Amino acid sequence: MSDFIPFITAQVIPGLNSGLIVSIKLIVPSAFLGLIIGVLSGTFRVYAPFPIRKISDAYVAIFRGTPLVVQIYFWYFALPYTSIGEFRIVMSAETCAIVGFSLCSGAYHSEYIRGGLLSIKSGQLLAGQALGMNPITAIRNIVLPQAFRNAFSGCSNEIIYLIKYSSIASIITINDITGMGRGIAKESWRNVETYLVVGIYYLALVTLANVILYRIEKKMEIPGFEKEQA
Amino acid sequence: METQTVLEARNIIKNLGGNTVLRGVSIALNKGDIKVLIGPSGSGKSTLLQCLNLLHIPEGGSLLLDNKPVNFKNKSELYQLRQKVGMIFQEFNLFDHLSAKENVSISLRKVKKQGRKEAAKRAEIELQRVGLDDKMNLYPAQLSGGQKQRVSIARALAMDPEVLLLDEPTSALDPELISEVLVVIRDLAKNGMTMLMATHQISFSAALAHEFVFMEDGIITEHGSPKELLAENATSRTKDFCAKIAELTGEQA
Ligand SMILES: Nc1ncnc2c1ncn2[C@@H]1O[C@H](COP(=O)(O)OP(=O)(O)OP(=O)(O)O)[C@@H](O)[C@H]1O
Ligand SMILES: [Mg+2]
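Structural notes, computed from the coordinates. (Residues numbered from 1 in each chain as written. Chains lettered and ligands numbered in written order. Predicted model: local features only at pLDDT ≥ 70, side-chain atom pairs only at ≥ 80, totals over all residues. Heavy atoms only, no water.)

A few points about the nonpolar core
And step 1. Ranked by internal contacts, the top residues of the largest apolar core, which has 99 residues, are L127, I153, L164, I185 and M195 of chain B.
And step 2. In contact with I185 of chain B, not counting residues within four places along its chain, are I153, L166, P169, M195, M197, F204 and L208 of chain B.
And step 3. One finds Y59, L79, I98 and Y165 of chain A within the second-largest nonpolar core, a separate group that totals 43 residues. (Core = buried A, V, L, I, M, F, W, Y, C linked by side-chain atoms within 4.5 Å. Buried < 20%, exposed > 50% of the residue type's maximum accessible area, 1.4 Å probe, protein only. Contact = heavy atoms within 4.5 Å.)

Here it is as structure tokens:
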């Protein structure tokens, strides 16, 4: 334990820093894509015509109903062996991770958005239409901005989860924080110190995300949409 | 001078939840007309108003705007008609995430495709008109019921409607807030706005309306000037009904 500090600064931190960049490159696009997928599918589940609504329901059921590890394995190990005619999709490990994370978190966002939409009084949609808005204009400009505010704390939580489950990327050969940490631990046989620091990296990421999400929430705050007092 | 018909409904039929709620209603509004819809709860007043700006699509009958029949199946005709036929709801239905000013300007921007500045300017004018100069930047949660209803009137007027439909605009208000909304409606009347209003404010509307239209069970059973229908020696369903309301609300009919 005597050379704790030198070990950390010489081996763990440089390794994890390169893993951190990889993790961020997975998390940030997945967070945005997931949110977009969630808003679209959540909206479809409430307002879209029957077939699209049912497809969106099925999407959410599948991606909430199966383990993320299995989904990631599917994209990485199974998809290359699936072909439709001549057509076959092979994605890099990073792309598989982003696709997997986006679709999984999209399914959860979708739940929050759907709840947010259902909580908006239908009279507002009617009023929008009475002013000559078509349904899409009314949904986009009237209902969604409110639903998004109502859903925001749920969506924030989902993004926090995403940061943590991004560590699953390490099982498909990606050297993210967890992947790098595992390599360092194996080489040095110093599991305790290494995984302690790995944990601190995630804690720092989550804290940073919390600060950013809180700022966004404050920025969107409007009288009548305050967070309920705890 | 020729009278100009702005909005005319012919023989409107509407089914809701397996019931025929409107069973052949015809009504015409000439320019400057003020007609008042009265009738018992469930008689179909709200349904008729919503059919008149096609928030409900009637199963039968026809609707003419400026003497031109409207094709219910044509979406763009539908949106066009709604722009020209303003609607005021009992529950105000303000957009909760927008300030008073934005509530008024949003449809100018998104429907009439006006620029941000132009729309904001118009919103200010309309809000001034309903006496809310100092409340423009407040959100619905910060407004009283009477103020909310005035915003919703400003919002409708900004679209330059040819007709205004009002569905019990004061029924959701505390008694002390009713008059501020009625004052606005009276101003509109003075300025020649064509209006059809469902209301239980009998004495107010008797002073204002050119015609009372009495609905019962999905049809119009009586109509005429308030003077005729409410005359000392008249024996009308309208008069009985108004007397009943007066009894309930303590209002002098
Ligand atoms: N969405 C709906 N589905 C089924 N029935 C409906 C629906 N909306 C209204 N109705 C029925 O249609 C009839 C007319 O309703 P409407 O709201 O037009 O009456 P109203 O005259 O406005 O009554 P009130 O004075 O209470 O506002 C009522 O019997 C009502 O129960
Ligand atoms: Mg009604």
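The structure having been displayed, the exposition proceeds.
Notes on the environment of T95 of chain A
All names here are of chain A.
And step 1. Secondary-structure assignment places T95 in helix α4 (residues 93–118).
And step 2. Separated by 70 residues in sequence, T95 and K25 have C-alpha atoms that sit 10 Å apart.
And step 3. A polar side-chain atom of T95 sits 2.8 Å from a polar atom in the side chain of S92. (Helix = DSSP H or I, 4+ residues; strand = E, 2+ residues; numbered from the N terminus. Polar contact = N/O pair within 3.5 Å; in protein donor to acceptor, adjacent residues only side chain to side chain.)

Things to note about the pattern of salt bridges
Residue and element names in this part refer to chain B.
And step 1. Applying the stated criterion to the full structure yields 21 salt bridges over all chains.
And step 2. As a salt-bridge pair, E8 and R10 come within 3.1 Å of each other at their nearest N and O atoms.
And step 3. Owing to a relative accessible area of 17%, E8 belongs among the buried residues under this scheme.
And step 4. A relative accessible area of 40% places R10 in the partly exposed class.
And step 5. Put simply, K190 and D187 hold a salt bridge, and the shortest N to O gap is 3.9 Å. (Salt bridge = Lys/Arg side-chain N within 4 Å of Asp/Glu carboxyl O.)

What about the sheet that holds strand β8 (residues 194–198) of chain B?
Residue and element names in this part refer to chain B.
And step 1. A sheet is described by the order of its strands in space; here six strands give the open sequence β6-β7-β8-β3-β9-β10, paired in mixed fashion. The outermost strands of the open sheet, each flanked by one partner alone, are β6 (85–88) and β10 (219–224). Averaged over all adjacent pairs, the angle separating strand axes in this sheet is 20°, with direction ignored.
And step 2. Note that strand β3 (residues 34–38) and strand β9 (residues 211–216) share four bridges and pair parallel. Bridge assignment links K35 to a residue of β9, and that residue is E211. (Pairing = 2+ DSSP bridges. Axes fitted to C-alpha atoms, helices over the stretch in contact; angles between N-to-C directions.)

Some thoughts on unusual backbone geometry
Across the chain, the bulk of peptide bonds are trans and the bulk of non-glycine residues have phi less than zero.
All names here are of chain B.
And step 1. If you check the backbone angles, F92 has positive phi at about 65° while not being a glycine.
And step 2. Of note, F92 is situated in the loop between β6 and α3 (100–110).
And step 3. Even without a glycine there, the phi angle at D217 is positive, about 55°.
And step 4. Structurally, D217 is set in the loop between β9 and β10.
And step 5. Since its relative accessible area comes to 59%, D217 is described here as exposed.

Details of helix α6 (residues 175–190) of chain B
Residue and element names in this part refer to chain B.
And step 1. Helix length check: α6, at 16 residues, gives a terminal C-alpha distance of 24 Å against a target of 22 Å (1.5 Å per residue), a fit within 8%.
And step 2. Those residues of α6 that sit buried are L177, I178, V181, L182, V184, I185, L188 and A189. In an axial view of α6, the angular spread of the buried residues amounts to 160°, which keeps them on one side of the axis. In α6, those exposed residues whose orientation departs by more than 90 degrees from the buried face are E176 and K190.
And step 3. In this fold, the buried residues of α6 make contact with β3, α4 (116–129), α5 (145–157), β7 (163–167), β8 and α7 (202–208). (Expected span 1.5 Å × (residues − 1). Arc of directions from axis to C-beta.)

Considerations on the interface of chain A and chain B
And step 1. Each partner contributes to the interface: chain A provides 23 residues, whereas chain B provides 24 residues.
And step 2. Buried surface at the junction of chain A and chain B, both sides included, amounts to about 1,900 Å², of which 70% is carbon and sulfur.
And step 3. Broken down residue by residue, the surface that chain A buries against chain B is led by A130, L131 and P223 of chain A, which jointly contribute 29%.
And step 4. The interface formed by chain A and chain B holds one salt bridge in total.
And step 5. D96 of chain B is the partner of K121 of chain A in a salt bridge, and the nearest nitrogen-oxygen pair spans 3.7 Å.
And step 6. The tally of links between chain A and chain B comes to four residue pairs in polar contact (both at pLDDT 80 or more).
And step 7. Counting only elements with at least two residues in the side of chain A that touches chain B, the list comes to α5 (122–130) and α6 (135–165) of chain A.
And step 8. Taken together, the residues of the side of chain A that touches chain B break down into 11 nonpolar, 10 polar and two charged. (Buried area = accessible area lost by both parts, 1.4 Å probe. Nonpolar A, V, L, I, M, F, W, Y, C, P; charged D, E, K, R; others polar.)

Observations concerning the environment of G61 of chain B
All names here are of chain B.
And step 1. Considering the arrangement of structural elements, one finds G61 in strand β4 (residues 60–65).
And step 2. With relative accessibility at 39%, the residue G61 sits in the partly exposed group.
And step 3. Each C-alpha atom of the pair G61 and N11 lies 4.7 Å from the other, and the pair is 50 residues apart in sequence.

Observations concerning the sheet that holds strand β5 (residues 68–69) of chain B
All names here are of chain B.
And step 1. Pairing within the open sheet is antiparallel, and its four strands lie in the order β2-β1-β4-β5. Where the open sheet ends on each side, the last strands, each with one partner, are β2 (19–30) and β5.
And step 2. Pairing of β4 with β5 involves two bridges; the strand directions are antiparallel. Each residue of the ladder has a partner; that of L65, found in β5, is K68.
And step 3. Here helix α1 (residues 45–52) sits on the sheet and contacts β1 (5–16), β2 and β4; the angle it forms with β1, its principal contact strand, is near 125°.

Some details on the site of ligand 1
Residues and elements named next belong to chain B.
And step 1. Within the structure, ligand 1 sits among L16, G17, V21, P40, S41, G42, S43, G44, K45, S46, T47 and E168.
And step 2. Contact between ligand 1 and K45: an oxygen atom at 2.8 Å from a side-chain N or O atom of the residue.
And step 3. Contact between ligand 1 and S46: an oxygen atom at 2.7 Å from a side-chain N or O atom of the residue.
And step 4. Isolated, ligand 1 exposes 630 Å² of accessible area, and the fraction of that covered by the protein chains is 58%.
And step 5. By residue number, the principal contributor to the shell around ligand 1 is α1, which donates three residues.
And step 6. Classifying every residue of the shell around ligand 1 gives three nonpolar, seven polar and two charged. (Near = heavy atom within 4 Å. Areas by Shrake-Rupley, 256 points an atom, 1.4 Å probe, with all protein chains shown as cover.)

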